[in-house]
Amino acid sequence: MKETNRATFTSKIGMIAAAAGSAVGLGNIWRFPSMTADGGGAVFILVYIGCVLFFGIPVMVAEFIIGRSSKANTTGAFHILAPNTSWKWVGRLGVLTGFVIMGFYMVVCGWTLEYIWQSVSGKLATVTDFSANFAALQQDHLKQTLLMTGFAALTLLFTLSGVRKGVEKSSKIFMPTLFLLLILLGIRSVTLPGAINGLEFLFKPNMEHVKSTVFLDAMGQAFFSLSLGMGCMITYGSYFSDSSNLTKTAIQVSVLDMFVAILAGIVIFPSAFALTSNPDTILDDLINGGPGLLFITLPQLFNEIPLSMLWSSLFFILLAIAAITSTISLLEVVTIYIQEEYKRTRHESAVLVAIGVLVLGTVSSFSPKFFGLLDSVSAEWMLPIGGFFISLFVGWYLDEKLVYAQLTNEGKEKFGIKFLKGYRFILKYLAPLAILAIFVYGLIG
Ligand code: PHE
């Protein structure tokens, strides 16, 4: 907390790449399509976009303000800005949430490693029953545990290289690669004959499949995808330089994140509709796909286009790239917390957290029920609860002058000023009330 030479990101691009790297992840490419299928397509997407605009962006700015003004980890930030109050529990909840998310996220990361291997080795091209192929992986608990351990070790390597060399540099290389690959695959998908049905499912609202939990699901997805509500953006904000514009950065990161999610939808749905051999059941297949959607439907579809090995290898490499910039950020939140609050070295802290994650992840690999529980409890409850308190903290508790200084960089930036009034209104009333309403609706709906 009191370090004098605490790291900051070295450049604006590095800062945006790191924050976008955290946001863009399995949440966009794995979770978003299965939530969209489950939520009935276009209507889910519309509610989702609403959630990003109305409370995603404001809460992200709020987290940046907390992080940059305190220059501390998620819990340390509340100690500094609100000494001797209970606000520190918001930070602690965030650290716990990060830990819980890693407990199932790493398992999916492990799956991506397996599918990279299956694609590159050519094994995937010989599979005939893709559900059985995925089920075999899910039943092989030991393999899942090993794969997850491999991915966690990879993440740890980056974390140990520090904020600049590990976090920032990796994101600067990985993020542009990711965009390029997604755009390529998107073009491939929409140019397939019959792709139009998938585009319709994505973009033409149809109330028939909408569920009563659509708001809760979309809100959880927005928080999850933008890495909000657990202090990840507080931690990254603490590495921002004093001259960066917080509002602009939040808008850029959120728009990028939405863009990637929708691109992922454009890769998955048109190709699913175009290449299915069962047009009558494709909707049900998509809706029932669950966590396996990406790993069952997609490889099956890849196999029906020429150069399938190339496309599937590209796709799963892309998935791993998206995932690692997010696991780096998740590990960073908990590591820097232990490092600063318990005065440990970065090395010790990161290794300790990684071991804890492996324990939780092993239980998830053995129990899909536990896996599902960690997923829904963290995204739909813990993150929005965190977001609720973060809005209240910046909306009501923080000194207005501090908020103003952060938003405008001590009056130097014009961009934040226009935003200020509406922004405070959103954080004071709109975001907390909307989150509450969605909880209540989700409980009784
Ligand atoms: N936003 C990441 C994704 O979309 C997941 C994540 C959540 C990362 C919370 C950090 C904090 O995959």
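If you're wondering where the values come from, they're calculated on a predicted model, not measured in any experiment. (Residues numbered from 1 in each chain as written. Predicted model: local features only at pLDDT ≥ 70, side-chain atom pairs only at ≥ 80, totals over all residues. Heavy atoms only, no water.)

(A) Fine view of the overall build of the protein chain. Counting secondary structure elements, the protein chain contains 19 helices and 0 strands. Its C-alpha atoms give the protein chain a radius of gyration of 21 Å, within 12% of the compact-globule value 22 Å for 445 residues. Reported as C-alpha extents along the three principal axes, the dimensions of the protein chain are approximately 60 × 45 × 40 Å. If you take every contact in the protein chain between residues at least 6 apart in sequence, the share linking residues at least 24 apart comes to 85%. Carbon and sulfur atoms form 68% of the exposed surface of the protein chain, whose accessible area is close to 17200 Å². One way to put it: in the protein chain the 29 positive side-chain charges average out to a point 12 Å from where the 26 negative ones average out. (Helix = DSSP H or I, 4+ residues; strand = E, 2+ residues; numbered from the N terminus. Rg over C-alpha atoms; globule rule 2.2 N^0.38 Å. Contact = heavy atoms within 4.5 Å. Areas by Shrake-Rupley, 256 points an atom, 1.4 Å probe, with all protein chains shown as cover. Lys, Arg positive; Asp, Glu negative; His and termini not counted. Charge placed at Lys NZ, Arg CZ, Asp CG, Glu CD.)

(B) Inspection of a nonpolar patch on the surface at higher detail. Residues Leu-53, Phe-54, Trp-396, Phe-425, Tyr-429, Leu-430, Leu-433 and Leu-436 make up a contiguous nonpolar surface patch of about 810 Å² in total accessible area. Mapped onto the nonpolar patch, the elements with two or more residues apiece are helix H3 (42-70) and helix H19 (415-444). If you tally residues by element for the nonpolar patch, the top one is H19, at 5 residues. Counting through the fold element by element, Phe-425 comes out in helix H19. (Patch = residues over 30% accessible without salt bridge, like charges linked within 9 Å, V, L, I, M, F, W, Y side chains within 5 Å. Salt bridge = Lys/Arg side-chain N within 4 Å of Asp/Glu carboxyl O.)

(C) Layout of the state of the cysteines. For the structure on display, the rule yields 0 disulfides. Counting only cysteine sulfurs, Cys-232 is the nearest neighbor of Cys-51, a cysteine outside any disulfide, at a range of 19 Å. Judged by relative accessible area, Cys-51 falls into the buried class, the value being 5%. (Disulfide = S-S within 2.5 Å. Buried < 20%, exposed > 50% of the residue type's maximum accessible area, 1.4 Å probe, protein only.)

(D) Local environment of the site of the ligand. Taken together, 16 residues lie near the ligand, and Ala-23, Gly-27, Tyr-105, Phe-224 and Ser-227 sit nearest. For the ligand, a nitrogen atom lies 3.2 Å from a polar atom in the backbone of Ser-22. Take Ser-225: an N or O atom from its main chain is 3.0 Å from a nitrogen atom of the ligand. Relative to its unbound accessible surface of 320 Å², the ligand loses 100% to contact with the protein. Counting residues per element, the ones that place at least two in the shell around the ligand are helix H1 (12-23), helix H2 (26-38), helix H5 (88-120), helix H10 (214-225) and helix H15 (308-341). Residues that form the shell around the ligand fall into these classes: 8 nonpolar, 8 polar and no charged. (Near = heavy atom within 4 Å. Polar contact = N/O pair within 3.5 Å; in protein donor to acceptor, adjacent residues only side chain to side chain. Nonpolar A, V, L, I, M, F, W, Y, C, P; charged D, E, K, R; others polar.)

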